[in-house]
Amino acid sequence: MTDKKIIFFDIDGTLLDHDKNLPPATKEAIRTLKKDGHEVAIATGRGPFMYEDLREELGIQNFVSYNGQYVEVDRELIFGNSLNQDKLEELTELAATHDHPLVYMGQKEMKANVEHHNHIVESIGTMKIGAFPTHDPEYFKMEEIYQTLIFCEQGEETRYEQKFEAFDFIRWHPLSVDILPKGGSKAKGIEMMIAKLNINPENVYAFGDGLNDIEMLSTVAHGVAMGNAHDETKEVAKYVTKAVDENGIVHGLKMVGLLK
């Protein structure tokens, strides 16, 4: 087993600030980590196609996408965990009766089951990825779907949680909730990657800020919550650094001894 250390970074609110910019100090810190021989990876709720430019800019090939449901190492898919199609169809039918649209997310693209909905525009717009899902209500029947977004007000997801035990529901926006296979998480994806890379679990670090980072930060040996993280996320982390717009990545890497 290698002594190499691996550091996983969430994207939104962690690598990228609230304006979706990559702070220069963060970019330099990642360059230094790689120069020092450490492995750097991304662990995000985004799909692979939603941050290709960021991976290229940072020179990162290894990533955990869709909150752990799609994992690549050196451009090779090592783990894929898709949603049950029959259950997803049931959920789609129920959601339609409540005017809750869905966006189905595959490896290369995302498709909405409605032509337009303000909740989709508002929530996905916050990611500033420059694209919105096109309309294809049959997409989930033709492709492996690793994550689905349901658009509903806070608390309205309860009806789905009670009915669909095959799925986990994690809110990422006031108007939207991630739907994942039961038990799926960034922590599971990280487990798959470090096994592939033969890295000691004691040498695993992770930075995050969202509710979907809770299991990741509570599972890895060195979990670091951003200063702008949810309170619940901070509670499970071993360390809490400064906010993303206060060079929180650099400060956190110094806290854990990976930067001088």
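My aim in this report is to walk through the structure given alongside it, one point at a time. The structure displayed is predicted, hence computed values, not measured ones.

### Considering unusual backbone geometry
Moving on, step 1. Here Asp74, not a glycine, exhibits a phi torsion of approximately 50 degrees, which is positive.
Moving on, step 2. For Asp74, the position within the fold is in the loop between β4 (70-73) and β5 (76-80).
Moving on, step 3. Given a relative accessible area of 51%, Asp74 falls into the exposed group.
Moving on, step 4. One non-glycine residue, Asp99, adopts positive backbone phi at about 55 degrees.
Moving on, step 5. Among the structural elements, Asp99 can be located in the loop between α3 (85-97) and β6 (102-105).
Moving on, step 6. Given a relative accessible area of 54%, Asp99 falls into the exposed group.

### Structural notes on the sheet that holds strand β7 (residues 110-112)
Moving on, step 1. Spatially, 6 strands are ordered β8-β7-β6-β9-β11-β10 in an open sheet, and the strand pairing comes out mixed. Two strands close off the open sheet at either side, each with one partner strand: β8 (134-135) and β10 (167-173).
Moving on, step 2. For strand β9 (residues 147-151) and strand β11 (residues 176-181), the ladder comprises 4 bridges, and the chain directions are antiparallel. Note on β11: the bridge partner recorded for Phe151 is Ser176.
Moving on, step 3. Along the sheet, helix α4 (residues 118-125) makes contact with β6, β7, β9, β10 and β11, crossing β9 at roughly 120 degrees.

### Comments concerning the packing of aromatic side chains
Moving on, step 1. A full pass over the atoms with the stated rule returns 8 aromatic pairs.
Moving on, step 2. Arranged with centres 6.5 Å apart and planes meeting at 20 degrees, the rings of Phe63 and Tyr70 form a pair that is stacked.
Moving on, step 3. Residue classification places Tyr70 among the buried positions, given a relative accessible area of 2%.
Moving on, step 4. Between the aromatic rings of Tyr66 and Tyr146, the centroid separation amounts to 6.2 Å while the plane-to-plane angle is 15 degrees, which identifies the pairing as stacked. A residue pair is termed long-range when its members are at least 10 positions apart, and Tyr66 in the loop between β3 (63-65) and β4 and Tyr146 in the loop between α5 (139-142) and β9 qualify at 80 residues. By the burial criterion, Tyr66 is buried, and Tyr146 matches it.
Moving on, step 5. Put simply, the rings of Tyr51, Phe63, Tyr66, Tyr70 and Tyr146 pair up and form one aromatic cluster.

What counts as what
- Residues numbered from 1 in each chain as written.
- Predicted model: local features only at pLDDT ≥ 70, side-chain atom pairs only at ≥ 80, totals over all residues.
- Heavy atoms only, no water.
- Helix = DSSP H or I, 4+ residues; strand = E, 2+ residues; numbered from the N terminus.
- Buried < 20%, exposed > 50% of the residue type's maximum accessible area, 1.4 Å probe, protein only.
- Pairing = 2+ DSSP bridges.
- Contact = heavy atoms within 4.5 Å.
- Axes fitted to C-alpha atoms, helices over the stretch in contact; angles between N-to-C directions.
- Phe/Tyr/Trp six-rings, centres within 6.5 Å; stacked < 30°, edge-to-face > 60°.

Just distances and angles here, no functional claims.
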